[in-house]
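Geometric and topological summary
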Amino acid sequence: MTARFTMDETQPRLLDETAQGVIHEPMDRPEGRLKVTGCARYAAEHVLEGMAEGVLVRARVGRGRVSCADEEAVRAMPGVLGVYSDSRMLQVPAHGGAGTAPAQGPDEVRYFGQPVALVVAETPQQARHAAEALQVTYEEEPGDFDPDAAGTVDRPDKRALDQGDLDQAMAGAHRTVDVTCTTAPQHAAAMEPHAAVAVWEGDRLTLHGTLQMLKHNRAELADALGVAEEQVRILSPHVGGGFGSKLGISAESVAAALAARALGRPVRVVMSRQQVFETTTHRTATRQRIRLAADADGRLTAIGHEDRVYNLPGNAFSEPTAQSTHFLYAGENRRMAQEVARVNRACTGAVRAPGEAVGMLALEGAMDEMAEALGLDPIAFRKRNIPQRHPETGQPYSARALAGCMDDGARRFGWEARDPRPAQRREGEWWIGIGMAAAARVNLVSPSRARVTLREDGSALVETDMTDIGTGTYAILNQIAAEMLGLSPARVEVRLGDTDLPPASGSGGSMGASSAGSSVFVACRALRKTVAGRLGCHEHELTLKDGTATCANRRARLHELAASGALSEEGEFRPGTTKKQVSQASYGAFFAEVAVNGVTGETRVRRMDGTFAAGRILNEKTARSQCQGGMIWGIGAALTEEMVFDPRDGHVVNRDLAGYHIPVNADAPPIGVTFLEERDDHACPIQSKGVGELGISGAGAAILNAIYNATGLRLRDYPVRPEAILSDT
Ligand code: MOS
């Protein structure tokens with residue numbers, strides 16, 4: 001049976017009334033031991049009987065046509081089983097909900113590194129050798145490699161807003177800020193490279209992949225292969241990070257499946273780190289102009305946020321840069337607009353907190369500048385501009401603890417001791433400063449299903465095609481079921497990452513915990529009704545704890561109630577229309593202390609703190625890890641991370657983890673994370689909101705604001721390199 005729940009009304013806070021007491025607890029990941037002992041098998045670790053190895057061949061020109069690939073010479077090489085240059089392998093992959101594959105000629109090369117063929121051999125070494133030996137000739141065409149000088153620029157209507165009169169508000173303001181900020185292209189750089197192992201049994205494909213949203217990925221893969229969805233099964237029980245780069249299928253999945261079908265053998269395709277950088281989606285660079293106007297009371301009268309991003313021609317995705325600017329601060333005159341430069345670089349797509357991750361950097365830097373122009377404390381200025389209602393739609397807000405997070409974080413960080421005048425603290429060569437920024441990230445939910453079974457032995461099984469991309473899905477779904485059914489977490493088993501299981505939201509946009517979690521909640525609630533019925537009472541009278549059901553003077557063990565046969569319920573969560581009625585987001589505040597070396601220009605982050613409110617926190621440990629991770633991305637955005645593209649042909653220059661600088665342990669100071677107690681009744685029936693992307697959404701701005709406080713340098717180009725500090729001193 002399927003129990004359905006549509007989020008159209010406020011729900012009782014059932015998880016505050018249950019008795020087990022495991023929800024919110026910082027429970028270890030149930031699969032943690034498997035991971036640290038190497039027993040959790042990732043896609044590339046599958047070794048199947050008779051498996052052949054495929055290596056993708058990537059285009060060595062930035063734009064043009066494949067005129068000839070000398071397949072014959074390569075076919076004669078040792079171990080080579082096949083060379084495939086099926087045009088479907090050349091297609092830019094669609095990615096789940098984030099864009100569609102533009103139409104493309106079969107031999108067309110649109111960016112440097114685009115897969116143009118797959119070479120399959122008996123061993124990985126033979127396949128790689130042959131792939132490197134494959135002579136491909138191209139008819140090269142001139143490309144657009146510079147986003148600032150691109151020949152084609154689109155202006156999507158969905159990103160445009162013109163409310164009131166921004167120019168007039170700027171002209172008549174007490175204080176104005178008009179600044180341009182840039183952010184660098186970034187790569188998700190997930191630890192686990194993209195990989196697929198494909199095996200056909202008759203006309204049915206099983207793909208061991210590393211993907212975030214299986215129900216969408218199955219549809220994409222079926223579409224790419226020209227088969228029915230029912231013929232495709234994807235298994236992705238463990239994913240070593242995705243951050244958006246695995247939202248949709250990539251070339252390795254399609255290539256492995258096509259080659260396996262052609263060869264009649266299982267085929268494994270694993271991208272090298274260089275291929276991941278060259279071929280999978282990355283985050284666009286941005287150029288953002290922020291305009292703010294304020295009156296003498298420090299109230300914003302206008303906000304302008306115009307940005308320029310890039311993507312391949314025809315690709316529907318564009319970074320929603322101003323996403324949180326729409327709802328975060330007051331100001332009746334508002335203008336947002338976007339330009340999408342069409343360039344020959346690999347597809348841009350969603351990377352952790354698409355929109356806020358870069359948009360908040362510009363906005364929160366400009367807010368710091370305006371606070372200073374007004375002579376106001378940055379927190380006081382922000383609090384003064386928290387709107388009563390959504391300044392564009394008029395919607396009320398659901399739970400919103402922005403002011404609380406700023407106050408609480410300020411207290412913990414020692415904000416009071418900050419001297420607002422820049423360049424006042426010095427320790428030898430080092431200038432010391434502190435800064436803050438607000439955190440905000442829209443809250444998303446999406447339809448999700450799960451099956452929960454109360455087995456004859458009184459234990460529970462949770463099944464859904466939901467993924468755990470390192471976020472803690474196994475833990476939180478376990479805790480929700482354990483809490484609802486009154487079981488110790490050890491008595492709950494969670495199976496994920498298999499398209500044969502009920503289809504979930506998938507992991508993306510920080511919606512997984514709330515969406516998939518709600519489906520488990522709905523299924524468990526139906527089971528509680530059944531249990532109450534068997535005990536002869538109403539569900540509201542029922543207490544479930546440690547495997548025992550109690551109501552009034554009746555009492556039974558769960559395994560007794562399920563003795564005549566396992567009880568199984570499927571739960572379905574649907575978002576409904578609540579999202580349209582209320583503005584929902586997670587909020588927070590970042591604080592950073594930096595030391596900037598006046599001789600070398602080096603910036604070290606000495607301390608960093610984040611205080612967040614994201615509804616009910618389902619697992620305090622996994623949520624904290626998400627926020628810490630997000631803040632480390634913030635350090636990367638502020639100081640180290642930048643993909644560099646060669647202006648001559650668009651190739652990625654720093655296409656490995658030696659050249660693409662992710663902050664390492666030595667770059668990351670102790671990072672404090674605090675969650676405020678919150679329930680969001682409008683978000684979902686478990687009152688939680690997205691937390692995975694919240695920790696990055698504004699984090700880097702706190703660091704640049706701290707650099708200003710340390711040095712008096714207003715830097716607006718991310719990342720800040722030592723030479724930017726030195727050139728100004
Ligand atoms: Mo996320 S960038 O939607 O994985």
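Residues numbered from 1 in each chain as written. Predicted model: local features only at pLDDT ≥ 70, side-chain atom pairs only at ≥ 80, totals over all residues. Heavy atoms only, no water.

Concerning the overall build of the protein
Stated formally: Counting from the N terminus, the helices are DSSP H or I runs at least four residues long and the strands are E runs at least two residues long. We compute the radius of gyration from the C-alpha atoms alone; for a globule the expected value is 2.2 Å times N to the 0.38, where N is the number of residues. Whether two residues touch is decided by their heavy atoms; if any such pair falls within 4.5 Å, the residues are in contact. His is not counted, nor are the chain ends, whereas Lys and Arg count as positive and Asp and Glu as negative. A charge is said to be at NZ when it belongs to Lys, at CZ for Arg, at CG for Asp and at CD for Glu.
Broken down by element type, the protein carries 19 helices and 31 strands. Expected size for 729 residues packed as a compact globule is a radius of gyration near 27 Å; at 26 Å, the protein falls within 12% of this value. Of all intrachain contacts in the protein linking residues separated by at least 6 positions in sequence, the fraction that spans at least 24 positions is 82%. Of the charged side chains in the protein, 79 are positive and 93 negative, and the gap between their average positions amounts to 3 Å.

A word on the domain arrangement of the protein
When the parts come together, some accessible area is lost, and that loss is often what is quoted as the size of the interface. Note the cut-off: For each domain, the first and last residues come from an automatic or database assignment. The buried area of a pairing is the accessible area, by a 1.4 Å probe, that goes missing from both parts when the two are put together, added over both. The salt bridge definition used is simple: a Lys or Arg side-chain nitrogen within 4 Å of an Asp or Glu carboxyl oxygen.
Assigned domains of the protein: these are domain 1 (2-40 + 445-580) and domain 2 (397-443 + 584-729). Each of domain 1 and domain 2 was reduced to a C-alpha centroid, and the two centroids are 34 Å apart. With 33 residues of domain 1 at the interface, the matching set in domain 2 holds 25 residues. At the boundary of domain 1 with domain 2, total buried surface from both sides reaches about 2500 Å², with 53% on carbon and sulfur atoms. If you sort the residues of domain 1 by the area they bury against domain 2, R13, H24 and S510 come out on top, with a joint share of 24%. In this assembly, domain 1 and domain 2 are joined by four salt bridges. D681 is the partner of R13 in a salt bridge, and the nearest nitrogen-oxygen pair spans 2.6 Å.

Observations regarding the pairing of strand β26 (residues 548-551)
Our working rule: DSSP bridges decide pairing: two strands pair if at least two such bridges lie between them.
Bridge count for strand β25 (residues 543-545) against β26 is three bridges, and the pairing is antiparallel. Residue pairing in the sheet places L544 in a bridge with A549 of β26. What sits between the antiparallel neighbours β25 and β26 is a turn of two residues, in which D546 has the positive phi angle 50 degrees. Of the pairings in the sheet, the one linking β26 to strand β27 (residues 554-557) comprises four bridges and is antiparallel in character. In the strand pairing of β27, T550 is matched with R555. Linking β26 to β27, which pair antiparallel, is a turn of two residues; within it A552 sits at a positive phi near 45 degrees.

With respect to empty space enclosed by the protein
Applied cut-off: Cavity: a set of points on a 1 Å grid over the protein atoms alone where a 1.4 Å probe fits but cannot get out. Pocket: an open set with protein on both sides within 12 Å along at least five of seven lines, its lining residues, like those of a cavity, having an atom within 4 Å of a point. Grid points are joined across faces, edges and corners, and a volume is the space filled by probe spheres set on the points. The classification used treats Ala, Val, Leu, Ile, Met, Phe, Trp, Tyr, Cys and Pro as nonpolar, Asp, Glu, Lys and Arg as charged, and all other residues, Gly among them, as polar.
All chains considered together, the criterion is met by three cavities of 30 Å³ or more. Space inside the largest cavity adds up to approximately 120 Å³. Forming the boundary of the largest cavity are 14 residues, of which G365, A366, E369, L715 and R716 lie nearest the centre. Sort the elements by how many residues they give to the lining of the largest cavity and helix α10 (residues 356-374) lands first, with five residues. Partitioning the lining of the largest cavity into residue classes produces nine nonpolar, two polar and three charged.

A closer look at the side chain of H305
Inspection of the secondary structure puts H305 in strand β18 (residues 300-311). In this view, H305 contacts Q288, R289, I290, T321, A322, T325, R335, M336, A337 and G359; residues no more than four positions away in its chain are not counted.

Structural notes on the nonpolar core
As a reminder of what qualifies: In this description, a nonpolar core means a group of buried Ala, Val, Leu, Ile, Met, Phe, Trp, Tyr and Cys residues linked to one another through side-chain atoms lying within 4.5 Å. Throughout this description, buried means an accessible area under 20% of the type-specific maximum (1.4 Å probe, protein chains only), exposed means over 50%, and partly exposed covers the range between.
Counting residues in each nonpolar core, the largest one holds 78 residues, and the members touching the most others are L292, M608, F612, I703 and I707. In terms of residues, this core owes the most to one element, α10, which gives nine residues. Ignoring sequence-local partners within four residues, the contact set of M608 consists of F413, F591, A592, M631, I635, P669, P670, I671, G672, A699 and I703. V520, C524, A556 and L618 belong to the second-largest nonpolar core, a separate cluster that totals 52 residues.

Some thoughts on the sheet that holds strand β6 (residues 115-121)
By definition, the strands of a sheet pair up through backbone hydrogen bonds, in either a parallel or an antiparallel sense. Using the following cut-off: Only the contacting stretch of a helix is used when fitting its axis, a line to C-alpha atoms as for every element, and angles between N-to-C directions run 0 to 180 degrees.
The mixed open sheet is built from seven strands, whose spatial order is β4-β6-β2-β15-β12-β13-β14. Of all the strands in the sheet, the pair left with one neighbour each is β4 (80-84) and β14 (232-235). When strand polarity is set aside, the average angle formed by the axes of neighbouring strands in this sheet is 20 degrees. Bridging between strand β12 (residues 195-201) and strand β15 (residues 267-270) involves four bridges; their strand directions are antiparallel. Paired with V197 across the two strands is R268, which belongs to β15. Running over the sheet, helix α6 (residues 214-225) touches β12, β13 (204-209) and β14 and is turned about 135 degrees from β14. Against the sheet, helix α7 (residues 251-263) makes contact with β2 (52-58), β4, β6, β12, β13 and β15, and its axis sits at roughly 30 degrees relative to β12, the strand it touches most.

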